[in-house]
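# Inside the fold
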Amino acid sequence: MTEVVALSRPQARRVALAAQGFSDPRHAVPTMRTLQRALRRTGVLQVDSVNVLQRAHYMPLHSRMGPYDVGLLQRASERRPRRMVEYWAHVQAFMPVDLWPVMRPRMEHHRRSPRWHTWLGTNAGLAERVREEVRERGASTARDLDDGAPRVKEHWGWNWSESRKALDYLYTVGDLVIAGRNQHFEPIYDLPERVLPPEVLEAPVPSEADAVLELVRRAARSHGVATLRCLTDYYRLQMVRGQGQRAARAAVDRLVEAGELLPARVDGWPREAWLHRDAARPRRVRARALLSPFDPVVWERERTERLFDFHYRIEIYVPAELRRHGYYVLPFLLGDQVVGRVDLKADRAGRSLLVQGAYAEPGAPPETAHELAAELHQVARWLDLDDVVVRPRGDLAAPLLAEVTAAR
């Protein structure tokens, strides 16, 4: 019988942070190798259009690498040799290009989805016509192909034209690829053979069971230590019929048998867990970072609470008068603890980083305000902003203002 590894909660927390790259030494000048190292740690970078501070996929790299040239990410995703590509790997996300063949069974699930069959049944031939138009025109946005159908804003989304729906279908099933995004953040679609390296396109497609195995393996590597729920959610296996917790559990059993995962017990965790055999177990983590609301460290709320004793919710879609902490709130990681949170906004016209609220967590150390001020100044410089402005909201606002003022 395999021995169960016992971990205290602080040990599990440090294992998780090291797996996410927070123990990696920062390079004085981050390079493409630095970016690739960070991407190997996170596995994916969630893409989101909210730009109140910086778009979601840029922030996790800053949290792990420090200030870096954002052109590195553009090079990695839009130029040869292409190192990453967008797909529904968690939600919409960048992933390493070598994950493309592993996603092919997922693409085939979408191709067979009743949702798309219904749409295709009433739009016979449209998807193929759109694909052929992209083939002839070259890389195109939905706007380039739009037939002029009106776009009416309804609820939280847009009423898309039929050409946009066709592009969405073709992208979801892998017949088109996002080759990049324009200045309006609109996806630019192209044929896979004009975007992805030949070795990726020619790689064998795994069986569904083997695809799940590889996704669980990568999730375990990025988590360090995890429950079945964590391992299932990282690549959103539960969103694909036949790839939920039952399939993930079968993959876990195979990985345990192979010695890649070790059964673990974490103090305070009610569910069984597994430790990746290669996971570092540092005695100390000296991190200092602001975490995007879309950072993998805080994706799974129950996991975040178990690891950090930190209750966190994104309040973007909460009416302003009902928000507890603010619109775009980032947890502040110091050492191996989340010690506070700040509601941030980049005032690009005023060239200032606005701290619209600052809150300390219970037991936050005395140096919290000083370290947070230093991190905010670093983020401001990275965003090409001249100043940090602290507004008087939250119990950390006054000491933070004093530290920010002193740093000036």
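Above this text is the structure in question.
So, here is what we can say about the structure in this document. (Residues numbered from 1 in each chain as written. Predicted model: local features only at pLDDT ≥ 70, side-chain atom pairs only at ≥ 80, totals over all residues. Heavy atoms only, no water.)

As a further point, take the overall build of the chain. Secondary structure summary: the chain contains 16 helices and 16 strands in total. In terms of C-alpha radius of gyration, the chain reaches 22 Å, essentially the compact-globule figure of 22 Å for 408 residues. Principal-axis analysis of the C-alpha atoms gives the chain an extent of 65 × 65 × 40 Å. Of all 408 residues assigned to the chain, the portion counted as buried reaches 55%. Counting contacts in the chain only where the partners sit at least 6 residues apart, residues at least 24 apart contribute 65% of the total. When the accessible area of the chain is evaluated, it comes to approximately 19000 Å², of which 49% is carbon and sulfur surface. One way to put it: in the chain the 62 positive side-chain charges average out to a point 2 Å from where the 53 negative ones average out. (Helix = DSSP H or I, 4+ residues; strand = E, 2+ residues; numbered from the N terminus. Rg over C-alpha atoms; globule rule 2.2 N^0.38 Å. Buried < 20%, exposed > 50% of the residue type's maximum accessible area, 1.4 Å probe, protein only. Contact = heavy atoms within 4.5 Å. Areas by Shrake-Rupley, 256 points an atom, 1.4 Å probe, with all protein chains shown as cover. Lys, Arg positive; Asp, Glu negative; His and termini not counted. Charge placed at Lys NZ, Arg CZ, Asp CG, Glu CD.)

Moving on, we get to the pattern of salt bridges. All told, the structure shown has 31 salt bridges when counted by the stated rule. Put simply, arginine 229 and glutamate 300 hold a salt bridge, and the shortest N to O gap is 2.9 Å. In this pair, arginine 229 is assigned in helix 12 (residues 228-234) and glutamate 300 in the loop between strand 12 (287-290) and helix 14 (301-308), connecting sequence segments 71 residues apart. Connected through shared salt-bridge partners, Asp98, Glu214, Arg217, Arg218 and Glu260 make up one network. (Salt bridge = Lys/Arg side-chain N within 4 Å of Asp/Glu carboxyl O.)

Within helix 16 (residues 397-407) the residues assigned to the buried category are Ala397, Leu400 and Val404. Projected down its long axis, helix 16 shows its buried positions confined to an angular sector of 65 degrees, all on one face. Those residues of helix 16 that are exposed and aimed more than 90 degrees away from the buried face are Ala398 and Ala406. Looking at the packing, one finds that the buried side of helix 16 touches strand 15 (352-360), helix 15 (368-382) and strand 16 (387-390). (Arc of directions from axis to C-beta.)

Quick look at the sheet that holds strand 2 (residues 45-46) now. Pairing is antiparallel across the open sheet formed by 3 strands, whose spatial order is 2-4-3. Sheet topology places strand 2 and strand 3 (84-88) at the edges, where each strand pairs with a single neighbour. Where strand 3 and strand 4 (residues 92-96) come together, 5 bridges link them in antiparallel fashion. Residue pairing for strand 4: glutamate 86 is matched across the bridge by phenylalanine 94. Across the face of the sheet, helix 5 (residues 100-111) comes into contact with strand 3 and strand 4 while running at roughly 25 degrees to strand 3. (Pairing = 2+ DSSP bridges. Axes fitted to C-alpha atoms, helices over the stretch in contact; angles between N-to-C directions.)

Before going further, it helps to examine the sheet that holds strand 16. Strand order in the open sheet formed by 5 strands is 12-13-14-15-16, and the pairing between neighbours is mixed. If you trace the sheet from one side to the other, it starts and ends with strand 12 and strand 16, each paired once. Strand-to-strand twist in this sheet, taken as the mean axis angle between neighbours without regard to direction, amounts to 30 degrees. Where strand 15 and strand 16 come together, 4 bridges link them in parallel fashion. Among the inter-strand pairings, valine 355 is bridged to a residue of strand 16, identified as valine 390. Packed onto the sheet, helix 15 meets strand 12, strand 13 (329-335), strand 14 (337-347), strand 15 and strand 16 and runs at close to 60 degrees relative to strand 12.

Summed over all chains, the structure comprises 8 aromatic pairs. Ring plane angle 70 degrees and centroid distance 6.0 Å describe the contact between tyrosine 87 and tryptophan 100, whose orientation is recorded as edge-to-face. With tyrosine 87 in strand 3 and tryptophan 100 in helix 5, the pair connects residues that are 13 residues apart, well separated along the chain. Of the two residues, tyrosine 87 and tryptophan 100, neither departs from the other in class, the shared state being buried. With 5.4 Å between their ring centres and 65 degrees between their planes, tyrosine 234 and tyrosine 235 make a pair best called edge-to-face. Accessibility classification places tyrosine 234 together with tyrosine 235 in one group, the buried group. (Phe/Tyr/Trp six-rings, centres within 6.5 Å; stacked < 30°, edge-to-face > 60°.)

In terms of burial, strand 15 is largely enclosed, as 7 of its 9 residues are buried. The pairing of strand 14 with strand 15 spans 8 bridges and is classified as antiparallel. In the sheet register, arginine 341 faces strand 15, and the bridge partner there is tyrosine 359. Between the antiparallel neighbours strand 14 and strand 15 lie 4 residues, among them arginine 351 with a positive phi of about 55 degrees. The β-α-β motif built from strand 15, the intervening helix 15 and the parallel element strand 16 has right-handed crossover chirality. (Right-handed = clockwise from strand over helix to strand, strands pointing away.)

What follows concerns the packing of helix 7 (residues 126-137) against helix 9 (residues 162-172). In helix packing, the relevant descriptors are the interaxial angle and the interaxial distance, both defined with respect to the helix axes. Running from amino to carboxyl end, helix 7 crosses helix 9 at an angle of 85 degrees, the nearest separation of the two axes being 9 Å. Compared by their axis directions, helix 7 and helix 9 come out roughly perpendicular. In this structure, helix 7 uses Leu126, Ala127, Val130, Arg131 and Val134 to contact helix 9, whose residues at the interface are Glu162, Ala166, Leu167, Tyr169 and Leu170. (Parallel < 35°, antiparallel > 145°, perpendicular 65-115°, else oblique.)

Of all hydrophobic cores here, the largest spans 56 residues; its most connected members are Met95, Met103, Val216 and Tyr235. Looking at this core, the element that brings in the most residues is helix 11 (residues 208-223), giving 7 residues. Contact partners of valine 216, with chain neighbours within four places excluded, come to Leu231, Leu237, Ala248, Ala251, Val252 and Leu255. Membership of the second largest hydrophobic core comes to 50 residues, among which are Met65, Ile316, Phe332 and Val339. (Core = buried A, V, L, I, M, F, W, Y, C linked by side-chain atoms within 4.5 Å.)

This brings us to the packing of helix 11 against helix 13 (residues 245-257). Running from amino to carboxyl end, helix 11 crosses helix 13 at an angle of 70 degrees, the nearest separation of the two axes being 9 Å. Classified by the angle between their axes, helix 11 and helix 13 sit roughly perpendicular to one another. Residues Ala209, Asp210, Val212, Leu213, Val216 and Arg217 of helix 11 pack against Ala247, Ala248, Ala251, Val252, Arg254 and Leu255 of helix 13. Its residues assigned to classes, the contact of helix 11 with helix 13 shows 9 nonpolar, no polar and 3 charged. (Nonpolar A, V, L, I, M, F, W, Y, C, P; charged D, E, K, R; others polar.)

A separate point is the environment of proline 270. Within the secondary structure layout, proline 270 lies in the loop between strand 10 (261-266) and strand 11 (273-276). A C-alpha to C-alpha distance of 42 Å links proline 270 and threonine 118, two positions 152 residues apart in sequence.

The quantities given are spatial measurements derived from coordinates; they are silent on function.
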